[in-house]
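Results of the structural survey
The primary structure of each chain is shown beneath.
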Amino acid sequence: MKKRWLLLLPMLLLLTGCIIRSPEELYSLPAPSDEYDNLQAAISAVMTEDMQYSSPVSGTNRQPVQMADLDGDGQNEAVVFLKTGGEMPLKAYVFDRIGRDYQNVFVIEGDGSAFAQVEYAQIDGVGGVEIVIGRQLNGQVLQSIGAYSIQNGQLAELMSASYSEFAIADIDGNGNRDLFLMRFVSEGHAGVAELYRWIDGEMTREPEQSLSVGVSAVRNIQVGNLTADLPAIFIGGVLADSSIITDVFCIQNGEFSSISSANDLELHSHTVRGYNVYASDIDGDGIVELPDVVQLPTALPEEDAYYAIRWLEYAPQLESKTVKMTTYHHYSGGWYLRIPERFGMDFTISRDTTIAGVSGLVFRIAKEDGPGEELFTIYAFTGGDRNAAAAADGRFQLGAKSDTTYAAMLGEGAERMELTQAELVSMFQFIRVDWNSGET
């Protein structure tokens, strides 16, 4: 009972209201609400000795007990994820609140060793949300997935399939969410993508499309618009050399298609100094840009290679593309610079070692016969006196994160390029991390 209490405590905090308590009560555990007690009693009634809670292992919904309005009546049902023995060991119990009590109304059973991922989405256009359940299968690379809906008081399975990765998004722009699957069957064969859409009262499977040859796994999935009126899914796939290649899928002329090769989209490998570069809405305008990695000139022959990223936006009919932004990404440091258009690609980057124990990068105007004029230098200061050091000797602070303070100093070439302190501060940005994947 104590174990169940701890597992359900997060849900209890959501179900209990906020009331004023005495100082003595503030130092004791809150008493369970009647709603919690009733739900716990209903769960206990269906649990057998060989059952245990089985939280989904990935995704954003990882609680063993989750709340969602599945039938559209405005009141959340409780979905409890359990595992037992037998042929169908994974069980999702749906409890509906009837009056003051909870009653088990449906059980969704499936094979597998664990719940891989659970998502909720409006798929069929009817009130309430559908539940999408991915399951890990014992000893198999592929996993199984099913989408379920409560319709007219009955539980209906909308689809089931095998998959390697999946995403949920409104690809056709009709207001309902679609289910996008990727599957890798065996080495040496291209992975495939599938799309399931709700059309004319049923879940329809579109003809499958191939991912780029050589893609063996998916590292990143982005959902967004390729153009203002063209929703798409952007897949960062891993090649044999660990570099990244981008596939783009959408509904075009009413059909599900891979538009990357058909429209000559940029499918270069995107890796910078060992870090993967993915499609991104880099400027936050609602359009996803595709990255094009370009090596910069070197200040001296013995210098390391540095790279800029040109972010490409496509015209509405995909007949042309423009460079939306150019950046320099310092992935290991967790920051990037938005490079002004007037700089072009005529600048170099090299290490700065003028301050002992301090990491620095110096940016210079490119010159054919040696180092050009210094534009600016960026420093990363750590330690207890980092803020003071960042502001000393003509430096100014760019930003701070964790135990590091970033600072810069303008060089003699800054005036010629009309670069000011305020502009450089605005150019400096921190890289956002995807908390699901841990990737930038």
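Our structure is the block above this text.
Note that the coordinates shown come from a computational prediction; the quantities given were computed from them, not determined experimentally. (Residues numbered from 1 in each chain as written. Predicted model: local features only at pLDDT ≥ 70, side-chain atom pairs only at ≥ 80, totals over all residues. Heavy atoms only, no water.)

Some remarks on the pattern of salt bridges
In the structure shown here, the tally under the stated rule is 17 salt bridges. For lysine 91, the salt bridge is made with glutamate 109, and the minimal N-O distance between the two is 2.4 Å. One end of the pair, lysine 91, is in strand S4 (residues 90-98); the other, glutamate 109, is in strand S5 (residues 101-110), with 18 residues separating them in the sequence. The salt bridge involving lysine 324 is made with aspartate 285; its shortest N-O contact spans 2.3 Å. Of the two residues, lysine 324 sits in strand S23 (residues 321-330) while aspartate 285 sits in the loop between strand S20 (275-276) and strand S21 (290-295), which places them 39 residues apart along the sequence. Residue class for lysine 324 comes out partly exposed when judged on its relative accessible area of 32%. Salt bridges sharing partners connect three or more residues here, namely Asp283, Asp285, Glu289, Glu313 and Lys324. (Salt bridge = Lys/Arg side-chain N within 4 Å of Asp/Glu carboxyl O. Helix = DSSP H or I, 4+ residues; strand = E, 2+ residues; numbered from the N terminus. Buried < 20%, exposed > 50% of the residue type's maximum accessible area, 1.4 Å probe, protein only.)

A look at the sheet that holds strand S18 (residues 255-258)
Spatially, the 4 strands line up as an open sheet ordered S15-S16-S17-S18, and their pairing is antiparallel. If you trace the sheet from one side to the other, it starts and ends with strand S15 (217-227) and S18, each paired once. Neighbour-to-neighbour, the strand axes of this sheet turn through a mean angle of 20°, independent of strand direction. (Pairing = 2+ DSSP bridges. Axes fitted to C-alpha atoms, helices over the stretch in contact; angles between N-to-C directions.)

Points about the sheet that holds strand S27 (residues 374-382)
Across the sheet, which stays open at both edges, the 5 strands sit in the order S25-S26-S27-S29-S28 with antiparallel pairing between neighbours. Looking at strand neighbours, the two that pair on one side only are strand S25 (347-352) and strand S28 (396-401), the edges of this open sheet. The mean angle between the axes of side-by-side strands here comes to 20°, regardless of whether they run parallel or antiparallel. Sheet topology note: the S25/strand S26 (residues 359-365) ladder contains 6 bridges and is antiparallel. Across the sheet, the residue bridging to aspartate 352 is glycine 360, located in S26.

A few points about helix H3 (residues 34-46)
For H3, built from 13 residues, the straight-helix expectation of 18 Å at 1.5 Å per residue is met to within 8% by its first-to-last C-alpha distance of 19 Å. Along H3, the positions that sit buried rather than exposed are Glu35, Tyr36, Leu39, Gln40, Ala42, Ile43 and Val46. Buried positions in H3, seen along its axis, are confined to an arc of 160° and lie on one side of it. (Expected span 1.5 Å × (residues − 1). Arc of directions from axis to C-beta.)

A closer look at the side chain of serine 258
Assignment of secondary structure puts serine 258 in strand S18. If near-sequence neighbours (up to four positions away) are discounted, serine 258 is found in contact with Gln209, Ser210, Val248 and Phe249. (Contact = heavy atoms within 4.5 Å.)

Digging into the side chain of threonine 84
Relative to the elements of secondary structure, threonine 84 occurs in the loop between strand S3 (77-83) and S4. At a separation of 2.8 Å, a polar atom in the side chain of threonine 84 contacts the side chain of aspartate 50. Apart from residues lying up to four places away in sequence, threonine 84 is in contact with Thr48, Asp50, Met51, Pro89 and Lys91. (Polar contact = N/O pair within 3.5 Å; in protein donor to acceptor, adjacent residues only side chain to side chain.)

Observations concerning the pairing of strand S9 (residues 154-163)
With 9 bridges joining them, strand S8 (residues 143-151) and S9 adopt antiparallel strand pairing. Each residue of the ladder has a partner; that of alanine 147, found in S9, is methionine 159. In sequence, S8 turns back onto S9 through a hairpin of 2 residues, with asparagine 152 there showing a positive phi of about 55°.

Things to note about the nonpolar core
The tendency in soluble globular proteins is for nonpolar side chains to be buried side by side. One finds Leu337, Phe363, Phe376 and Leu424 to be the most contacted residues of the largest nonpolar core, which totals 27 residues. Broken down by secondary-structure element, the contributors of at least two residues to this core are strand S24 (335-339), S25, S26, S27, S28, strand S29 (404-410) and helix H6 (421-427). Beyond its immediate stretch of four places on either side in the chain, phenylalanine 376 contacts Leu337, Phe343, Leu361, Val362, Phe363, Met409, Leu410, Gly411, Leu419 and Leu424. (Core = buried A, V, L, I, M, F, W, Y, C linked by side-chain atoms within 4.5 Å.)

As for the environment of proline 231
With respect to the helices and strands, the residue proline 231 is situated in strand S16 (residues 230-238). On the basis of relative accessible area, proline 231 is assigned to the partly exposed category, the value being 22%. Sequence-wise, proline 231 and phenylalanine 249 are 18 residues apart; in three dimensions their C-alpha atoms are separated by 8.8 Å. Residues within four places of proline 231 in sequence aside, it is in contact with Asp170, Ile171, Gly224, Asn225 and Cys250.

Some thoughts on the packing of aromatic side chains
According to the stated counting rule, one finds 17 aromatic pairs in the structure shown. Consider the rings of tyrosine 306 and tyrosine 328, whose centres lie 6.4 Å apart with planes at 55°: the pair is tilted. Of this pair, tyrosine 306 sits in the loop between S21 and strand S22 (307-314) while tyrosine 328 sits in strand S23, placing them 22 residues apart in sequence. Comparing tyrosine 306 with tyrosine 328, the two get one shared label, buried. On the numbers, 5.9 Å between centres and 65° between planes, the contact of tyrosine 328 with tryptophan 335 is edge-to-face. (Phe/Tyr/Trp six-rings, centres within 6.5 Å; stacked < 30°, edge-to-face > 60°.)

Focus on the environment of arginine 386
Mapped onto the secondary structure, arginine 386 falls in helix H5 (residues 386-390). Given the relative accessible area of 23%, arginine 386 is considered partly exposed. As a C-alpha pair, arginine 386 and threonine 405 span 19 residues in sequence and 6.2 Å in three-dimensional space. Excluding its chain neighbours within four sequence positions, the residues that come into contact with arginine 386 are Phe381, Ser402, Asp403, Thr404 and Thr405. Here the side chain of arginine 386 touches aspartate 403 through a polar contact of 3.5 Å, landing on its backbone oxygen.

Looking at the environment of glutamate 313
Inspection of the secondary structure assignment puts glutamate 313 in strand S22. Residues glutamate 313 and leucine 290, 23 residues apart in the sequence, show an inter-C-alpha distance of 6.9 Å. Excluding residues within four positions of it along the chain, glutamate 313 makes contact with Asp285, Ile287, Glu289, Ser320, Lys321, Thr322 and Lys324. Only 2.7 Å separates the side chain of glutamate 313 from the side chain of lysine 324, close enough to count as a polar contact.

Fair warning: the whole summary comes from geometry, so function is off the table for now.
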